[in-house]
Amino acid sequence: MVSDQQRWNDRYDDATASTTVSPPAALLEMAQFLPSTGRAVDLAGGLGDTALWLAQRGLDATLVEVSDVACTIADERARLSELELDTVHHDLTTESIPGDNWDVITCFHYLDRPVLRSISDSLRTGGIALVGIATITNLERHERPSARFLLEPNELPELLDGLEVIMHTEDWAPWGYHEARVAARKPR
Ligand SMILES: C[S@@+](CC[C@H](N)C(=O)[O-])C[C@H]1O[C@@H](n2cnc3c(N)ncnc32)[C@H](O)[C@@H]1O
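About the cut-offs
Residues numbered from 1 in each chain as written. Predicted model: local features only at pLDDT ≥ 70, side-chain atom pairs only at ≥ 80, totals over all residues. Heavy atoms only, no water. Pairing = 2+ DSSP bridges. Helix = DSSP H or I, 4+ residues; strand = E, 2+ residues; numbered from the N terminus. Right-handed = clockwise from strand over helix to strand, strands pointing away. Buried < 20%, exposed > 50% of the residue type's maximum accessible area, 1.4 Å probe, protein only. Near = heavy atom within 4 Å. Polar contact = N/O pair within 3.5 Å; in protein donor to acceptor, adjacent residues only side chain to side chain. Areas by Shrake-Rupley, 256 points an atom, 1.4 Å probe, with all protein chains shown as cover. 1 Å grid on protein atoms, 1.4 Å probe; cavity = no way out; pocket = protein on both sides within 12 Å on 5 of 7 lines; lining within 4 Å. Sits in = over half its atoms within 2 Å of the grid points. Nonpolar A, V, L, I, M, F, W, Y, C, P; charged D, E, K, R; others polar. Axes fitted to C-alpha atoms, helices over the stretch in contact; angles between N-to-C directions. Salt bridge = Lys/Arg side-chain N within 4 Å of Asp/Glu carboxyl O. Lys, Arg positive; Asp, Glu negative; His and termini not counted. Contact = heavy atoms within 4.5 Å.

*Asks:* Before we move on, could you go through the pairing of strand S3 (residues 85–89) and cite the residues and values that matter?
*Replies:* As judged from the five bridges shared by strand S2 (residues 60–65) and S3, these two strands associate in the parallel manner. Bridge pairing links glutamate 65 to histidine 89 in S3. Following the chain from S2 across helix H4 (residues 68–81) to the adjacent parallel S3, one finds a crossover that is right-handed.

This is the structure we're talking about:
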């Protein structure tokens, strides 16, 4: 069986270290909930668009990724843009979220239910989680991602155990996908 690391390394093999940072639209939609300083980690963050964007906003940003190819490219992008970025090569299916007491945890377009359930444990009190993942309804207009990577309707807030939901939207987003977006805070 092909591992997550191998599959994603193959996908990222031809990627280049662009200095143009394009964070997910869902993150931009929820940016109002972000603090201006603090430690932020982006889970399964690909080539680093979310983490680099958080760094541009003044947060101490960390990228967690199973693909070492993606980590190398994200490091290079940070260097070229003169941004500080920590990259952690890490498999979230076998190891828990690295670090603790994060001020911000973000996760976009990556569905791993145990990981989402554990976000609360890794946030500091008052910390913010921003999550955006497509739902099963997305299959009505798009063949991919396949069902195993898609949320059930209204599932996302339930997965964010222990967090207080401050925004929950689930609809055909302006960018064309049926996505659940949740901003949530760890209660004091
Ligand atoms: C669909 S991409 C989303 C990338 C980015 N979050 C975004 O929104 O553009 C899914 C990402 O999850 C990463 N990934 C897949 N399995 C993983 C795992 N077990 N641990 C950590 N990252 C993983 C992949 O390498 C890939 O970058």
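Next comes the rest of the write-up.
*Asks:* A description of the pairing of strand S5 (residues 123–134) should follow, citing residues and the corresponding values.
*Replies:* Of all twelve residues in S5, ten are buried, a share of seventy percent or more. For strand S4 (residues 102–108) and S5, the ladder comprises six bridges, and the chain directions are parallel. Pairing of threonine 106 across the sheet is with leucine 130, part of S5. Here seven bridges tie S5 to strand S7 (residues 178–185), and the two strands are oriented antiparallel to one another. When the sheet's bridge partners are listed, alanine 129 is paired in S7 with alanine 184.

*Asks:* So what about the site of the ligand? Which residues, and what values?
*Replies:* Of all residues adjacent to the ligand, which total 17 residues, the nearest are Tyr12, Glu65, Asp91, Phe108 and His109. Interatomic distance of 3.3 Å between a backbone N/O atom of valine 66 and a nitrogen atom of the ligand. With respect to the ligand, the side chain of histidine 109 contributes an N or O atom lying 2.8 Å from an oxygen atom. Protein contacts shield 84% of the accessible area of the ligand, which totals 590 Å² for the unbound molecule. In this structure the site holding the ligand corresponds to the largest pocket. Take the shell around the ligand: its biggest share by element is three residues, from helix H1 (residues 4–12). Class assignment of the residues belonging to the shell around the ligand gives a composition of eight nonpolar, six polar and three charged.

*Asks:* Could you give an account of the sheet that holds S2, with specific residues and numbers?
*Replies:* What holds strands together in a sheet is hydrogen bonding between their backbones, with the strands either parallel or antiparallel. Overall, mixed pairing links the seven strands, which are arranged S3-S2-S1-S4-S5-S7-S6 in an open sheet. Of all strands in the sheet, those bounded by a partner on one side alone are S3 and strand S6 (164–172). Across the sheet, the mean angle separating the axes of adjacent strands is 15° when strand polarity is ignored. As paired elements, S6 and S7 share eight bridges and run antiparallel to each other.

*Asks:* Before we move on, can you summarise the pattern of salt bridges with the specific residues and values?
*Replies:* Enumeration over the complete set of coordinates arrives at seven salt bridges. Between aspartate 49 and arginine 77 there is a salt bridge whose closest N-O contact spans 3.0 Å. Of this pair, aspartate 49 sits in helix H3 (residues 49–56) while arginine 77 is found in helix H4, placing the two residues 28 residues apart along the sequence. Bridged by salt links that share partners, the residues Glu29, Asp171 and Arg181 form one connected network.

*Asks:* Would you mind going over the side chain of glutamate 179 in detail, with residue names and values included?
*Replies:* Along the chain, glutamate 179 turns up in strand S7. Despite being buried, glutamate 179 has no salt bridge partner; arginine 181 is the closest side chain of opposite charge, sitting 4.8 Å away. Polar contacts involving the side chain of glutamate 179 include one to the side chain of tryptophan 175, which spans 3.2 Å. With residues near it in sequence (within four places) discarded, glutamate 179 still touches Ala26, His109, Ile133, Ala134, Thr135, Thr169, Glu170 and Asp171.

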